[in-house]
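# Descriptive analysis of the structure
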Amino acid sequence: CNKKMHACQDLDDSLSGTTSISVYLHGNRNKITVSNVGDSRAVIGRSTDSMLKKEGASSSSSSTLKAFALSRDQTPYRRDERIRCRKSGARVLSLDQ
């Protein structure tokens, strides 16, 4: 598959990379473990229920979702990630370098 892809003249993969998100739900322990590679992002939506009471009317409920980040992009545009990469011996270059 890779040989065929690289043989194709119409495909330029020189700027391609790897991204991935993995989420493990720890059953009944109410715990989530998240791992990420690259500039992937994971969010979770949490329901926020509110009771609306109107005078003379029966109670009704409405629900909205609030987003919470589960990961941070692993990109050299983040200062801490750029420092980590350089400490490991990597060079961090922009596309025009």
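In this report, the structure presented in the accompanying data block is examined.

Cut-offs used in this document
Residue numbers run consecutively from 1 along every chain, following the written order of its sequence. Note on the predicted model: pLDDT of at least 70 is required for a residue's local features to be given, and 80 or more for side-chain atom pairs to be given and counted; whole-chain, interface and lining totals, by contrast, use all residues. Just so you know, side-chain values use all the structure's heavy atoms and leave hydrogens and water out. Buried means the residue's accessible area, taken with a 1.4 Å probe over protein chains only, is under 20% of the maximum for its type, while exposed means over 50%, and partly exposed covers the values in between. Strands are treated as partners if at least two bridges between them are detected by DSSP. Helix and strand assignments come from DSSP, with helices taken as H or I runs of at least 4 residues and strands as E runs of at least 2, each series counted from the N terminus. Patch membership requires more than 30% relative accessible area and the absence of a salt bridge. Residues of like charge join within 9 Å; the nonpolar side chains Val, Leu, Ile, Met, Phe, Trp and Tyr join within 5 Å. Methods summary: accessible areas were calculated by the Shrake-Rupley approach with a probe of 1.4 Å, and residue burial reflects only the protein chains presented. By salt bridge we mean one thing: a side-chain nitrogen of Lys or Arg within 4 Å of a carboxyl oxygen of Asp or Glu. Only protein atoms enter the 1 Å grid, on which a cavity is a set of points fitting a 1.4 Å probe that cannot get out and a pocket is an open set with protein on both sides within 12 Å along at least 5 of 7 lines, lining residues being those with an atom within 4 Å of a point. Grid points are joined across faces, edges and corners, and a volume is the space filled by probe spheres set on the points. Each residue receives one of three labels: charged for Asp, Glu, Lys and Arg, nonpolar for Ala, Val, Leu, Ile, Met, Phe, Trp, Tyr, Cys and Pro, and polar for the others, Gly being one of them.

Looking now at unusual backbone geometry. In most cases, non-glycine residues show a negative phi, while peptide bonds are predominantly trans. Even without glycine at this site, Asn30 takes up a positive phi of about 60°. A relative accessible area of 75% means that Asn30 is categorised as exposed.

By the bridge criterion, six bridges tie strand E1 (residues 20–25) to strand E2 (residues 32–37) in an arrangement that is antiparallel. In the sheet register, Ser22 faces E2, and the bridge partner there is Ser35. If you look at the hairpin formed by E1 and E2, you'll find six residues sitting between the two strands, and Gly27 has a positive phi there, around 50°.

A word on a nonpolar patch on the surface. On the surface, a cluster of nonpolar side chains totalling about 410 Å² of accessible area is made up of Val23, Leu25, Ile32, Ile44 and Phe68. Residue placement: Leu25 occurs in strand E1. The class for Leu25 is exposed, based on a relative accessible area of 59%.

Size it by volume and the largest pocket reaches roughly 650 Å³. Lining of the largest pocket is provided by 21 residues; of these, Gln74, Thr75, Pro76, Tyr77 and Leu93 occupy positions nearest its centre. Class assignment for the residues of the lining of the largest pocket results in seven nonpolar, nine polar and five charged.

Everything listed here is a matter of coordinates, which is why it stays silent on function.
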